[in-house]
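Report on the structure
Listed below are the residues making up each chain.
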Amino acid sequence: AFFPPQKWYVSSSAWFGCCISCCINLLLSFRLISIGYKKPLERDDLFELNESDSPYSVCPNFEKQWRKEIQKNWLTERTKQASKKKIHKPSLILPLWQTFKFLLIKVAFLKVTADILAFMSPQIMKAMIMVRENRPSSYESGYGYAIALFFVGLSQTLLHQLYQRNNMLTAVKIKTAVVGLIYKKALTLANASRQNYTTGEIVNLMSADAQQLMEMTVNINLLWSAPFQIVMAVVFLWKELGPSVLAGVALLLLVIPVNVQIAAKVKNLKKSQMRYSDQRVKLLSEMLHGIKILKLYAWEPAYQRKLMSIREHEVDVLKSSGYLTTYSMLTLTCIPFMVSLATFGVFFHLDGENALTATKVFTSISLFNILRLPLFDLPSVISAVAQTKVSLSRLEDFLCAEDLNPEDVNTNYSGNHAVGFIGASFRWEKNGLPVLKNLNVSIPEGSLVAVVGQVGSGKSSFLSAVLGEMEKLEGTVQRRGSVAYVSQQAWIQNDSLQENILFGANLNMPYYKLVLESCALLPDLEQLLNGDQTEIGERGVNISGGQKQRVSLARAVYSNADLYLLDDTLSAVDVHIGKHLFEKLIGPSGLLKSKTRILVTHNVTLLPHTDLIIVMEKGRISQMGTYQELISKRANFTELIQVFSAEHTNEKTTPVEGEKILFLVCSSSFDQWKTLTNNKEKVATGGMKVSVVLKYLQAFNWRWMWLTVAAYLAQNALAIGQNLWLSTWTAETAKISDFTEWKQSQNYKLLIYGLLGFIQGLLICCGAYVLTKGSLSASRTLHHQLLDDVLHLPLQCFETNPVGQIINRFTKDLFIVDVRFHYYLRTWLNCTLDVIGTILVITSASPLFIVVVIPLGYIYFTIQRYYIASSRQIRRLAGASHSPVISHFSETLAGRSTIRAFGHQGRFIRRNNDVVYENLVYFYNNVISNRWLSVRLEFLGNLMVFFAALFVVLAGNTVSSSTVGLSISYALNIIQSLNFWVRKACEIETNAVSIERICEFAKMDKEKPWIMSKRPPEGWPDRGIIEFVNYKAQYRKDLGLALDDVSFQTRSKEKVGIVGRTGAGKSTLTNCLFRVLEGSEGKIIIDGIDISTIGLHDLRGNLNIIPQDPILFSGTVQSNLDPLGKHSDLELWEVLELCDLKVFVQSLPKKLLHEISEGGENLSVGQRQLVCLARALLRKTKILVLDEATASVDMETDNLVQSTIKREFYNCTVLTVAHRLHTVMDSERVLVLDAGRILEYDTPHNLLQRKGAFSEMVAEAGIRT
């Protein structure tokens, strides 16, 4: 049965065993459409895929063939190197052919059979016209021909739909195979190769280039089918018109070179568009990931202009493509006319006695109509081939990029050491200088090793070398056992907290609880309504840096690995938690005491407890030994310790006792407004709102819309006029009495026929031109509105919604607007006018036809309603299912080092197959619904042809042969027109989902205006006095107050520390100061101005903040320091010197123009933080918020930064949010918060004397006073 009792499966074997089963299934598969008509379709209503159609089967089969191609190319390369011949890179074409050749051959066979059947209808029509011309006494043969027309048409329909179905499924299998290979390649890509591909560019390979390959597969058969149809048409035309058809063929041959030129131009345009698209997606991705910095620094307009500039270049390319479309439209409509004009003209002049009869004219016209589609398709396919060559080249370049070499790390060696380096040197970039040089070290199993050194000395690179992430230049790397890695910037998945820790392992509850306790996560879980089932947002946006690090650490601990690589794990947590983690987990008596642990750290108080210390300096191991050995023998190390310990002399080094964990990190609390994360994409239901199409037409510009309608209306009217003119002409020929007089009128009639065609061509050009203008207006307007809406969203939206959802709007949905939607509108309009004209022509020839048109029209609209309800919802579900594919891919790229370290590549590949599978389910079901629609529409179209033929037979001698020819030729044309008409109406409605999704952001709540009528005076704030007056704030109305009646005032140029326990409101206070969160009562006054009365940019642009997370953008050092271009190079060098970066930047080849990679990956985390500090130093404001800007730097650099801040911001008001209590001990006053209220506000000395909350915190932190 078609519907199995438990699950529905769709596959080649289950669907179509043969053509007969295909027909039965397509005619009877009503259940899916019926369910969709009764209620919005849900996931459980849809067909499942068979194993052979799923990514689990398709991807391994294709990868196997690709590996063969790589191996073959490698052998060929060696041979060519020996003979010094040109070396070619591996090609995707052969592996694709080897994997899918049987499917492609089957599709080609179906196509050629359907094409042959298409030429039978004009021959049957010819026979019917000849019956009328000969006027036999009996009409039995006419009835037979009418029935034959119906059954030939029905057979052609079923074969064509079988071809379409197999063609689409083969194409999507090819896309699935390529996407799977791209994903797997991304997991093995070497870091040197990764520098050439940003996340946005790799995502584009998955979405745009793989999609282009799929679309080419859909049209690949047209490369031979179009010439085949052209040849068939010419052969049949020769039978009708003789050698004169060669004039038409000559005209076709003249068009081909022009098409070649157009294809070359399209190829160049495609390259340009892909380049601009890559740039736009890359910049957008970085903007969304760094949106917090953009908002806090009021940089949105600058980056908006930058993105719009790239978009304008992209639109210019679209404009050029649109004008080329004008030529394509001219080819589609006018070439058949021009061919017929040339053929008829030569036909007359070859022999003066040649006459155009109804048989010759309408058989030829039908053949010319068949000729129209291949003539239009051929240049399009040639163009698509050019575009696909670009995409294939991009894909092949990526897939052939250098991988990590697993043999760089030797895991099979003798000896009892866990990690060993013997004369090893490494580099990050292919042609770069060595970053690590001549490493020689042996780390015993079960030992605790500390790696220390200044910023940029190579500490993190040391761990990367152990993991095999760097290119080995020389020497040996040895590593034994399984690995767990905690990166310096913790990588968190968009999943539950428990799943982040389990990381694919089974739950062992006793051990799991022990891990939570050791990682100090139990107090955090107690605050959460859902405990460890709480969803963590994308990139861990709803938890703090400290919590991210502890969750990441818990993941490593739960894996129970042999070797632990901990990259500055303790920097993001406060001293107390750091001591707990060392005591309970990392240290000699911790949970991991029997494991090998390599810890990169800046905390020298831990060094006496380690077994081995490695001191890194400029990429070399400068010193190595135990703490006592280095202290006694190495004067340099003693100096280093003294410098590093400068800020730790007042802190106890003894670990914490018992469970007295104190959370001081401001961002270590789960903010109330962030707890509702992992917002799955909402899928709209119900019919398409007229407002959505009106929104598009408004962006399209009503002027262009009405001009387009007028042009197409006039064009279709002229097309009907041409055929009526031919009908009249042939009718006169049949009644000819004076041949000489008739001959004299031929030139005149031919001239009128040509003139009508020429005017039609002009109107086509005008229609295509105004359509291009309108579509460009719509693309530009909707993109600008979308970007503007997104940038005006409050920060909360970005922290509770996956970035993949937003990027999906700017890629897939915007592609529909740019390329597809106006095409569907144009085609629907053309088909509507064509259908109306056809019905009018047939009805004028056979008035009885109207009796059939009315019920068939009703059935058409009923089918359309049924289909649209299902198809629209499937498209919506498919749109929502595409975001997880992009999000998962982006997430994988961000955490590829962690995934590789844990050896979980296989699990992530399976997860990718899962999300691709879900997306494919919707695609396959969409194919099912499309075929359901096509079979029924074409069946009704064939009925119309049958009745049109039947009525002209019944009319007997009352209609002329020319009327018979006109009526049936139009009826044959209506099958395609009606099919396109309904289909494009459905396409408009289903693709309007993309416009609907783009417009969603316009309805979302926005933050307050950037600029308001009231502007602060120039130079505001000039004193830096901040006053909170009875201020209350809450994240949502249904939640309690996050700040409750807060009132305090700072003095001018005062340094204020802000401390408090978890959830005290420290983050909320800074959020309110920058109006990230708007207050519900009270006010904040800065230098006499209520900040709620001015625009956000007037406020944020005059405040300064150094955030905890160092966010950099791809671009130059200069653009990262000064994106607005307001400062001179001299000023930039000055701030770099203040931040101890001048020497480093001067050592770079391009200095200030040195390219920083995406996210600042080619700088250490400490260097990134110093760049952020330099960026803040350039902003000359009177108020600075310091959010623990030195968590990721060594103590020497920390001292430098603190002294720089004190010196450079001496005349500013500084609010320091305390992560480590010693940073606020020298503040002029300290603000102590608890549960959103102010507990204490006084000088540190007075607060300590008072023996209150602050004094208790200091005592618990072990700071001597």
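Everything numeric in this text was worked out from a predicted model, so none of it was measured.

Describing the overall build of the chain
- Scanning the chain from terminus to terminus reveals 40 helices and 24 strands.
- By residue count, 61% of the 1265 residues in the chain fall in the buried class.
- Considering only intrachain contacts with a sequence separation of at least 6, the fraction spanning at least 24 residues in the chain is 83%.
- Here the chain displays about 49,200 Å² of accessible surface, and carbon together with sulfur accounts for 57% of that area.

What to know about the side chain of threonine 170
- Along the chain, threonine 170 turns up in helix α7 (residues 140–188).
- Apart from the residues within four sequence positions on either side, threonine 170 is in contact with Leu103, Leu104 and Val107.

Considering helix α32 (residues 1066–1073)
- Counting buried residues in α32 gives eight out of eight residues, a clear majority hidden from the surface.
- Along α32, the residues classified as buried are Lys1066, Ser1067, Thr1068, Leu1069, Thr1070, Asn1071, Cys1072 and Leu1073.
- At the C-terminal side of α32, arginine 1075 shows a positive phi close to 55°.

A closer look at the confidence of the model for the chain
- Across the chain, pLDDT averages 79, with 85% of residues at or above 70.
- Counting interchain partners and residues more than four positions distant, the pLDDT-below-50 stretch residues 1–19 has 52 contacts.
- Within the model, pLDDT remains below 50 along residues 646–679, and this stretch shows 121 contacts once partners closer than five positions in the same chain are excluded.

A few points about the packing of helix α9 (residues 199–219) against helix α28 (residues 849–894)
- Following both chains from N to C, one finds α9 and α28 inclined at 140°, their axes separated by 10 Å at the closest point. With respect to their mutual orientation, α9 and α28 come out oblique. Considering only the axes of α9 and α28, their crossing is right-handed. Residues Thr199, Ile202, Val203 and Met206 of α9 form the contact with α28, whose own contacting residues are Val885, Ile886, Phe889, Ser890 and Leu893.
- Here the contact of α9 with α28 is built from residues that sort into seven nonpolar, two polar and no charged.

Notes on the packing of aromatic side chains
- Under the defined criterion, the tally for this structure stands at 26 aromatic pairs.
- Ring centres of tyrosine 56 and tyrosine 917 lie 5.9 Å apart, and the angle between their planes is 35°; this geometry places the pair in the tilted category. Pair noted here: tyrosine 56 is in helix α4 (residues 55–83) and tyrosine 917 is in helix α30 (residues 905–954), with a separation of 861 residues, a long-range link.
- Accessibility expressed as a relative area gives 33% for tyrosine 56, which makes it partly exposed.

Structural notes on a nonpolar patch on the surface
- Where nonpolar side chains cluster on the molecular surface, the patch consists of Leu94, Trp97, Phe102 and Ile105 and spans about 430 Å² of accessible area.
- With respect to the helices and strands, phenylalanine 102 occurs in helix α5 (residues 93–118).

Topic: the environment of tyrosine 511
- Note on placement: tyrosine 511 falls in helix α17 (residues 509–518).
- Sequence separation between tyrosine 511 and valine 557 is 46 residues, and the spatial gap between their C-alpha atoms is 9.9 Å.

A word on the sheet that holds strand β14 (residues 1043–1049)
- As summarised here, the arrangement of the four strands in space is β14-β13-β16-β17, forming an open sheet in which the pairing is antiparallel. The sheet terminates laterally at β14 and β17 (1089–1090), the two strands that pair on one side only.
- With two bridges joining them, strand β16 (residues 1081–1086) and β17 adopt antiparallel strand pairing. Its bridge partner being in β17, isoleucine 1085 is matched across the sheet by aspartate 1090.
- Sitting on the sheet, α32 is in contact with β13 (1026–1033), β14 and β16, with an inclination near 70° to β14.

With respect to the pairing of β16
- Sheet topology note: the β13/β16 ladder contains five bridges and is antiparallel. If you follow phenylalanine 1028 over to β16, its bridge partner there is isoleucine 1084.
- Counting the residues that bridge the hairpin from β16 to β17 gives two residues, and of these aspartate 1087 lies at a positive phi of roughly 50°.

Focus on the pairing of strand β11 (residues 612–617)
- Buried residues dominate β11, accounting for five of its six residues.
- Pairing of strand β6 (residues 448–453) with β11 involves five bridges; the strand directions are parallel. Paired with glycine 453 across the strands is methionine 616, a residue of β11.
- In terms of strand pairing, β11 meets strand β12 (residues 620–625) through five bridges, oriented antiparallel. The partner of isoleucine 614 across the bridge, within β12, is methionine 624.
- Between β11 and β12, which follow one another and run antiparallel, lie two residues, and lysine 618 among them has a positive phi close to 55°.

Points about the sheet that holds strand β10 (residues 596–600)
- Spatially, the six strands line up as an open sheet ordered β8-β9-β10-β6-β11-β12, and their pairing is mixed. Where the open sheet ends on each side, the last strands, each with one partner, are β8 (483–486) and β12. Strand-to-strand twist of the sheet, defined as the mean angle between neighbouring strand axes without regard to direction, takes the value 15°.
- Relative to strand β9 (residues 563–567), helix α15 (residues 459–467) is tilted by about 150°, and along the sheet it contacts β6, β8, β9, β10, β11 and β12.

Some words on α30
- Spanning 50 residues, α30 covers 72 Å between terminal C-alpha atoms, matching the ideal 74 Å at 1.5 Å per step.
- Within α30, 39 of the 50 residues are buried, leaving the element largely enclosed by the surrounding structure.

Considering unusual backbone geometry
- Of note, the bond from tryptophan 1020 into proline 1021 is cis; its omega dihedral lies within 30 degrees of zero at -5°.
- Located in the positive-phi region is asparagine 701, a residue other than glycine, with phi close to 90°.
- Relative to the elements of secondary structure, asparagine 701 occurs in the loop between α23 (690–700) and α24 (702–734).
- At lysine 1053, a residue that is not glycine, the phi angle is positive and equals roughly 60°.
- Positionally, lysine 1053 belongs in the loop between β14 and β15 (1055–1060).
- What makes lysine 1053 partly exposed here is its relative accessible area of 40%.

Focus on the pattern of salt bridges
- Here the structure, examined in full by the defined rule, presents 34 salt bridges.
- The partner of arginine 280 in a salt bridge is glutamate 314, and the shortest N-O contact between them spans 2.6 Å. Of this pair, arginine 280 sits in helix α11 (residues 245–289) while glutamate 314 sits in helix α13 (residues 300–350); the two residues are 34 residues apart in sequence, bridging distant segments of the chain. The pair arginine 280 / glutamate 314 is uniform in exposure class, with both members buried.
- Taking the shortest distance from any N to any O, the salt bridge between arginine 1075 and glutamate 1078 comes out at 3.1 Å.
- When salt bridges that share partners are traced, they join Arg280, Arg311, Glu314 and Asp818 into one network.

Cut-off values and rules
Residues numbered from 1 in each chain as written. Predicted model: local features only at pLDDT ≥ 70, side-chain atom pairs only at ≥ 80, totals over all residues. Heavy atoms only, no water. Helix = DSSP H or I, 4+ residues; strand = E, 2+ residues; numbered from the N terminus. Buried < 20%, exposed > 50% of the residue type's maximum accessible area, 1.4 Å probe, protein only. Contact = heavy atoms within 4.5 Å. Areas by Shrake-Rupley, 256 points an atom, 1.4 Å probe, with all protein chains shown as cover. pLDDT = per-residue confidence, 0-100. Axes fitted to C-alpha atoms, helices over the stretch in contact; angles between N-to-C directions. Parallel < 35°, antiparallel > 145°, perpendicular 65-115°, else oblique. Left-handed = near helix turned anticlockwise from the far one by under 90°. Nonpolar A, V, L, I, M, F, W, Y, C, P; charged D, E, K, R; others polar. Phe/Tyr/Trp six-rings, centres within 6.5 Å; stacked < 30°, edge-to-face > 60°. Patch = residues over 30% accessible without salt bridge, like charges linked within 9 Å, V, L, I, M, F, W, Y side chains within 5 Å. Salt bridge = Lys/Arg side-chain N within 4 Å of Asp/Glu carboxyl O. Pairing = 2+ DSSP bridges. Expected span 1.5 Å × (residues − 1).

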